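For reference, the chains in residue letters:
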Number of protein chains: 2
Amino acid sequence: MRIGALEAGGTKMVCAIGNEKGEIFEKISIPTKTPETTMPEMIQWFKAKKIEALGIGCFGPIDPDKDSPTYGYITSTPKLAWKDYNIVGAFEECLCCPVGFDTDVNGSALGEVTFGQAKGKKNIVYLTVGTGIGAGVYAEGKLLHGMLHPEAGHILMRRREDDHYEGKCPYHKTCLEGLAAGPAIEERWGKKGIELQDRDEVWDLEAYYLAQALTDYILILAPQLIILGGGVMHQEQLFTRIRSYVKEMLNGYIKTKELEDIDHYIVPASLHDDQGIMGALELGRRAFEEKNS
Amino acid sequence: MRIGALEAGGTKMVCAIGNEKGEIFEKISIPTKTPETTMPEMIQWFKAKKIEALGIGCFGPIDPDKDSPTYGYITSTPKLAWKDYNIVGAFEECLCCPVGFDTDVNGSALGEVTFGQAKGKKNIVYLTVGTGIGAGVYAEGKLLHGMLHPEAGHILMRRREDDHYEGKCPYHKTCLEGLAAGPAIEERWGKKGIELQDRDEVWDLEAYYLAQALTDYILILAPQLIILGGGVMHQEQLFTRIRSYVKEMLNGYIKTKELEDIDHYIVPASLHDDQGIMGALELGRRAFEEKNS
Ligand SMILES: Nc1ncnc2c1ncn2[C@@H]1O[C@H](COP(=O)(O)OP(=O)(O)O)[C@@H](O)[C@H]1O
Ligand SMILES: Nc1ncnc2c1ncn2[C@@H]1O[C@H](COP(=O)(O)OP(=O)(O)O)[C@@H](O)[C@H]1O
Ligand SMILES: [Zn+2]
Ligand SMILES: [Zn+2]
């Protein structure tokens, strides 16, 4: 089965063709401009590939509720050209095939659950730490939406006493994203993350905030596995520090086999940065199955 | 169908007989002493009632994982007499009927979803604020367990600047429970909650912390409804304040129809404090159905 996959991001659109086994045959990247210029490019590309279904993991916020009149829309995004844009409708109309749709991070979570290290698990969190911070959540065997979808990058944080940075989130100042996403690191320390590689205090503070968020996710969602991806997590030294802060913050309150083996509980993404595209393939496969069942 | 229901708490065991419609025929309360004295009393009572199934909503932490060797146990509770006690096993052996088992708060969530104001919803949070703080979570149509079950009363909090109380949680000091459960209110202000009724500053601070927790639950779980129960929530003045702090903390970042109608989004329990027992009836019904399917 030939499936199209789209990882729709704020700076680039990654388009790919693959199959239901998660195999990727080809992949291109198109800069994200306006719907007027970017959509026809993508549609033309996918049309030539004769796909039977399309899956989209999309930047948000989006409306993933099939019973809603604005299902398939990108909603209140700061990328104004795409605000209230019916991306699913546009593809359905032009490609005449079923279209699956979810957030980019739910897509990545699904990729890891279907094809990666989270296979067989019913409860996981996929967190991306990049330009923004977002979480995909798989709960009791389903992608979690609720009244919208998780926006767990914006939870409120306890500031570390020695940190006086004011915070970068336009809505919450010192939420997780405001204190710990790439741009916050850059503004606090005056350099890009990659140039701060050797500065211990940078990654210690970063790990402190990420661990605080993971501690809250653990207490609220009880995931069986936590996967961390995104540009900032290329600083691999973060993992050891995060694990040790999580243990310190939980302070023995919860005892599970997962936490006892924390090196295999809080882990990097396993699919060579293809988790998003592979998740989109699965979103496409599911849309096809649903249409034909 | 005659179903037994048990709401197992640290101070009392509420036992009831009812049916699959949530109707309660009789109800007694037995003080929680040790398993040696309390279990025979309950077993004798239930035995005489000729029940076809039993449902238990239990204080915890518990092991609700049917694939685990310690399924049905109360695990690392501070109530030492009940630590590592196989409560499901004991009832199954003596009552010879299927037994359903979950946390007390998941039980209450299930009661509200099956028989109460949350009927038809797939994502809700039930929070109890009493001697402790605990959350039951219904996610995508299922009670959430994950690697254990939510322990969302222990999430880490941002302290309000004018509050210098050190916090009461033996594990985390200033987690939600440590700052906002009944005993924390009592220790901070030197009087029981009920005697502080007229002290505005008490309930303003309490609402601030509860709202902070709800804001994080909203961002992580995206529930369609949040129900608050437990002794402290008898201070009904809390609801207006909590709703207004939640709006302030989210600061317009998430837009949903639920949040627009926040008076019907953050609400008191609707089942006259029977939500736990009614949830236990449903746990019993489900155990029966599973056994006979
Ligand atoms: N190796 C690295 N070390 C530290 N920070 C990095 C690294 N690579 C990228 N970043 C930071 O991550 C952010 C970009 O995140 P990325 O996940 O690559 O893209 P996006 O979130 O825009 O999809 C930038 O703020 C960048 O500074
Ligand atoms: N009307 C009230 N106003 C304020 N606090 C109350 C009220 N009733 C009970 N509490 C507090 O709630 C706690 C008991 O919670 P409750 O839910 O009744 O029992 P438990 O949590 O032990 O099952 C105590 O700390 C008590 O002081
Ligand atoms: Zn924010
Ligand atoms: Zn605690």
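- Within an unreviewed UniProt entry, the label attached to chain A reads fructokinase, and the organism entered is Suilimivivens aceti.
- Reading the Catalytic activity (unreviewed entry) entry of the UniProt record for chain A gives the comment "D-fructose + ATP = D-fructose 6-phosphate + ADP + H(+)".

### Overview of the pairing of strand β9 (residues 133–139) of chain A
Residue and element names in this part refer to chain A.
- Along β9, 7 of the 7 residues are buried, which leaves the element largely enclosed by surrounding structure.
- Neither face of β9 is exposed, since Ile133, Ala135, Val137 and Ala139 on one face and Gly134, Gly136 and Tyr138 on the opposite face are all buried.
- The sheet contact formed by strand β8 (residues 124–129) and β9 spans 6 bridges and is antiparallel. Each residue of the ladder has a partner; that of Tyr126, found in β9, is Gly136.
- Where β8 folds back on β9, the antiparallel hairpin that results is connected by 3 residues.
- Looking at chain direction, β9 and strand β10 (residues 142–143) are connected through 2 bridges and run antiparallel.

### What about the site of ligand 1?
Residue and element names in this part refer to chain A.
- Within the structure, ligand 1 sits among Gly130, Thr131, Gly182, Pro183, Gly193, Ile194, Gly230, Gly231, Val232, His234 and Gln235.
- Within the contact set of ligand 1, a nitrogen atom lies 2.8 Å away from a side-chain nitrogen or oxygen of Gln235.
- Computed on the free molecule, ligand 1 has an accessible area of 570 Å², of which 65% lies beneath the protein chains in the complex.
- Residue classes in the shell around ligand 1 are distributed as 3 nonpolar, 8 polar and no charged.

### A short note on the interface of chain B and chain A
- Taken together, the contacts link 43 residues of chain B with 43 residues of chain A.
- The largest contributions to the chain B side of the interface with chain A come from Met147(B), Ile220(B) and Tyr253(B), which together make up 22% of the buried area.
- At the junction of chain B and chain A, the tally comes to 0 salt bridges.
- Elements with a contribution of two residues or more to the side of chain B that touches chain A: β10 (142–143), α6 (200–221), α7 (237–250) and α8 (257–260) of chain B.
- Classifying every residue of the side of chain B that touches chain A by side-chain character gives 24 nonpolar, 13 polar and 6 charged.

### Focus: the coordination of the zinc ion (ligand 4)
Residue and element names in this part refer to chain B.
- Around the zinc ion (ligand 4), the protein contributes the donor atoms His154 (ND1), Cys169 (SG), His172 (ND1) and Cys175 (SG), which lie 2.1 to 2.3 Å from the metal centre.
- Because the angles between the 4 donor atoms bound to the zinc ion (ligand 4) fall within 103 to 119 degrees, the donor set is best described as tetrahedral.
- Positions of the donor residues of the zinc ion (ligand 4) along the chain correspond to the pattern H-x14-C-x2-H-x2-C. Within this pair, whereas His154 is found in the loop between β10 and α4 (176–180), its partner Cys175 is found in the loop between β10 and α4, the two being separated by 21 residues in sequence. In this structure, His154 and Cys175 share a single accessibility class: buried.

### A short note on the relation of the copies chain B and chain A
- When chain B is fitted to chain A, the best match, at an RMSD of 0.0 Å, comes from turning it 180 degrees and sliding it 0.0 Å along the axis. When the rotation and shift are considered jointly, the pair of chain copies conforms to a two-fold rotation axis. Of every C-alpha in chain B, the one belonging to Arg158(B) sits nearest the axis of rotation, 2.2 Å from it.
- When the interface residues of chain B are mapped onto chain A, 100% of them again fall at the interface, so both copies present the same face.

### Details of the sheet that holds β10(A)
Residue and element names in this part refer to chain A.
- Taking strand neighbours across the sheet as the criterion, the 5 strands line up as β10-β9-β8-β11-β12 in an open arrangement whose pairing is mixed. Every interior strand has two partners, whereas the edge strands, β10 and β12 (266–268), have only one.
- Alignment of β8 against strand β11 (residues 225–229), held across 5 bridges, turns out to be parallel. When the bridges of β11 are listed, Tyr126 appears paired with Ile227.
- Running over the sheet, helix α6 (residues 200–221) touches β8, β9, β11 and β12 and is turned about 155 degrees from β8.

Basis of the calculations
Residues numbered from 1 in each chain as written. Chains lettered and ligands numbered in written order. Predicted model: local features only at pLDDT ≥ 70, side-chain atom pairs only at ≥ 80, totals over all residues. Heavy atoms only, no water. UniProt positions renumbered as here; feature names shortened; annotations may be inferred. Buried < 20%, exposed > 50% of the residue type's maximum accessible area, 1.4 Å probe, protein only. Helix = DSSP H or I, 4+ residues; strand = E, 2+ residues; numbered from the N terminus. Pairing = 2+ DSSP bridges. Near = heavy atom within 4 Å. Polar contact = N/O pair within 3.5 Å; in protein donor to acceptor, adjacent residues only side chain to side chain. Areas by Shrake-Rupley, 256 points an atom, 1.4 Å probe, with all protein chains shown as cover. Nonpolar A, V, L, I, M, F, W, Y, C, P; charged D, E, K, R; others polar. Contact = heavy atoms within 4.5 Å. Buried area = accessible area lost by both parts, 1.4 Å probe. Salt bridge = Lys/Arg side-chain N within 4 Å of Asp/Glu carboxyl O. Donors = N, O, S within 2.8 Å, 3.2 Å for Na, K, Ca; no water. Tetrahedral: all angles 85-135°; square planar, octahedral: opposite > 155°, others 65-115°. Least-squares fit on C-alpha atoms with pLDDT ≥ 70 in both. Axes fitted to C-alpha atoms, helices over the stretch in contact; angles between N-to-C directions.

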